[in-house]
Amino acid sequence: MKSPLESAVIFSLGPVHFTQPVVATWVLITALVALSALVTRRLRVESPGRAQVLLESFLQLLQSQIRDTMRCEPAPFLPLITTLFLFVLGANLSSLIPGNEPPTAAIETDAALALIVFVSVIVYGIRARGVAGYLRGFATPSWVMIPLNLIEQVTRSFALMVRLFGNVMSGAFVIAVVLSLAGLFLPIPFMALDVLTGIVQAYIFTVLAMVFIGTAVHEEGA
Amino acid sequence: MEVDWIKVVSIASAAFAVAFGAIGPALAEGRAVAGAMDALARQPEASSTISRTLLVGLAMIETTAIYCLVIALLLLFANPFIAK
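Residues numbered from 1 in each chain as written. Chains lettered and ligands numbered in written order. Predicted model: local features only at pLDDT ≥ 70, side-chain atom pairs only at ≥ 80, totals over all residues. Heavy atoms only, no water.

Q: I would appreciate a short explanation of the pairing of strand β1 (residues 9-13) of chain A in the present structure.
A: For a regular strand, side-chain orientation follows a simple rule: the groups alternate between the two sheet faces. Residue and element names in this part refer to chain A. Where β1 meets strand β2 (residues 16-19), 4 bridges bridge the pair, whose relative direction is antiparallel. When the bridges of β2 are listed, L13 appears paired with V16. Here β1 folds back onto β2 in antiparallel fashion, the turn holding 2 residues, of which G14 has a positive phi close to 65°. (Pairing = 2+ DSSP bridges. Helix = DSSP H or I, 4+ residues; strand = E, 2+ residues; numbered from the N terminus.)

Q: Where do I start with the nonpolar core in this structure?
A: A general feature of soluble globular proteins is that nonpolar side chains tend to end up buried together. Counting 46 residues, the largest nonpolar core has F77(A), V117(A) and F205(A) as its most contacted members. Of all the elements in the fold, those that place two or more residues in this core are α2 (50-70), α3 (78-93), α4 (107-136), α5 (146-181) and α6 (188-217) of chain A together with α2 (47-77) of chain B. Those residues in contact with F77(A) that sit more than four places away from it in its chain are M70(A), C72(A), Y124(A), I213(A) and V217(A). (Core = buried A, V, L, I, M, F, W, Y, C linked by side-chain atoms within 4.5 Å. Buried < 20%, exposed > 50% of the residue type's maximum accessible area, 1.4 Å probe, protein only. Contact = heavy atoms within 4.5 Å.)

Q: Just checking my understanding: could you explain the interface of chain A and chain B for this structure?
A: When the parts of a complex come together, some accessible area is lost, and that lost area is often used as the size of the interface. Counting residues at the interface gives 24 residues for chain A and 15 residues for chain B. Both faces combined, the contact of chain A with chain B buries some 1,600 Å², and carbon together with sulfur accounts for 76% of it. Looking at the side of chain A facing chain B, the largest losses of area belong to L5(A), V162(A) and R163(A), adding up to 26% of the total buried there. Applying the counting rule to chain A against chain B returns 1 salt bridge. Notably, a salt bridge pairs D68(A) with R52(B), separated by 4.0 Å at the nearest N-O pair. One can count 3 residue pairs in polar contact (both at pLDDT 80 or more) joining chain A with chain B. Sorting elements by how many residues they give to the side of chain A that touches chain B places α5(A) first, with 10 residues. Grouping the amino acids of the side of chain A that touches chain B by side-chain chemistry returns 14 nonpolar, 7 polar and 3 charged. (Buried area = accessible area lost by both parts, 1.4 Å probe. Salt bridge = Lys/Arg side-chain N within 4 Å of Asp/Glu carboxyl O. Polar contact = N/O pair within 3.5 Å; in protein donor to acceptor, adjacent residues only side chain to side chain. Nonpolar A, V, L, I, M, F, W, Y, C, P; charged D, E, K, R; others polar.)

Q: Honestly, the packing of α2(A) against α3(A) in this entry has me stumped. Any pointers?
A: The angle between the axes and the distance between the axes are what describe a pair of packed helices. Residue and element names in this part refer to chain A. Two elements in contact, α2 and α3, have axes separated by 11 Å at closest approach and are oriented at 115°. With respect to each other, α2 and α3 are oriented roughly perpendicular. Every pair of crossing elements has a handedness; the one defined by α2 and α3 is right-handed. Residues F58, L59, L62, Q63 and I66 of α2 pack against L78, I81, T82, F85 and L86 of α3. Classifying every residue of the contact of α2 with α3 by side-chain character gives 8 nonpolar, 2 polar and no charged. (Axes fitted to C-alpha atoms, helices over the stretch in contact; angles between N-to-C directions. Parallel < 35°, antiparallel > 145°, perpendicular 65-115°, else oblique. Left-handed = near helix turned anticlockwise from the far one by under 90°.)

Q: Help me out: how do you make sense of the environment of T197(A) in this one?
A: All names here are of chain A. Positionally, T197 belongs in helix α6. Along the chain, T197 and P74 lie 123 residues apart, while their C-alpha atoms are 26 Å from each other. Here the side chain of T197 touches L193 through a polar contact of 2.6 Å, landing on its backbone oxygen.

Q: I tried to follow the side chain of D194(A) on my own but got confused; where do I start?
A: Within the secondary structure, D194(A) sits in helix α6. Here D194(A) is in contact with S95(A), G171(A), A172(A) and I175(A), once residues within four sequence places are set aside.

Q: Looking at this model, I keep getting lost on unusual backbone geometry. Mind explaining?
A: Leaving glycine out, the prevailing phi sign among residues is negative, and the prevailing peptide bond configuration is trans. All names here are of chain A. The phi angle at S47 is positive, at roughly 45°, despite the residue not being glycine. Structurally, S47 is set in the loop between α1 (20-39) and α2. Backbone geometry at R71 places phi at a positive 55°, although glycine is not the residue there. Under the relative-accessibility criterion, R71 is labelled exposed at 56%.

Q: What am I meant to see in the packing of aromatic side chains here?
A: For the structure shown, the criterion picks out 7 aromatic pairs over all chains. With a centroid separation of 4.9 Å and 20° between ring planes, the pair formed by F11(A) and F18(A) is classed as stacked. A centroid spacing of 5.5 Å and a plane angle of 15° characterise the contact between F16(B) and F20(B), whose relative ring orientation is stacked. With F16(B) and F20(B) both in helix α1 (residues 5-42) and 4 residues apart, the pair spans about one turn of that helix. In terms of burial, F16(B) and F20(B) fall into one category: exposed. (Phe/Tyr/Trp six-rings, centres within 6.5 Å; stacked < 30°, edge-to-face > 60°.)

Written as structure tokens, this is what we have:
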């Protein structure tokens, strides 16, 4: 059985090997960019089209989620949060395409996503409170907490990575095991469960990113 | 026939890690969902806040089970004590 910790090389350009998750990620990025360009090409205030209404209601939903979770104005965080959600959702749901393995089932993709969240927490924290204010946040409620807060920064990003990887990869793995044991149609319920898990995990990843950034932005407690 | 004890012990401990690592999170998630149901029955108007907090809490609890799964996978597929 193929190890879930390594990914298959599709093609190589000289010394650089392109693995399946990399290709799938780039296809997904291109699809997302093309879709966004297509939908936002004709935005109108008067009599908006169907796609625009759908897009606006989706954005309003995300805005209200950000407002509830982070308790601040959503505008500066909306691009990052929306992109994270759409990318993780698209990556998780791409397991439905036959022969495709979701990019988030490779730990490198999840590591990159968690790294984005890790860096953006620091950037947004410093932008909102200044370097001194952000660093002071590590010493709340007292300086005894400094090592714990520093460790927390790393471990929670690590947990973010492992959570997404474990959930998506185990879904794909279970389908592969069931398919190798039983017939053609038996994995279908597992795939349905996989769709549900994929949507929930995309939501959870986004909400956790919001929570992390929110705690870094707010004054009280890092 | 020579028995490779490292492989035997690795497979057994991978199974043990998943089996016993699933018990704690399962009990904890059951308690969390029961608590959320209780809160929903008392305050149905706070359902959005409760369900969001519940989902995030469940994800946090679930992480311990996922760690066990990753340990099992490392033992099975990336065991440092088995020479390739």
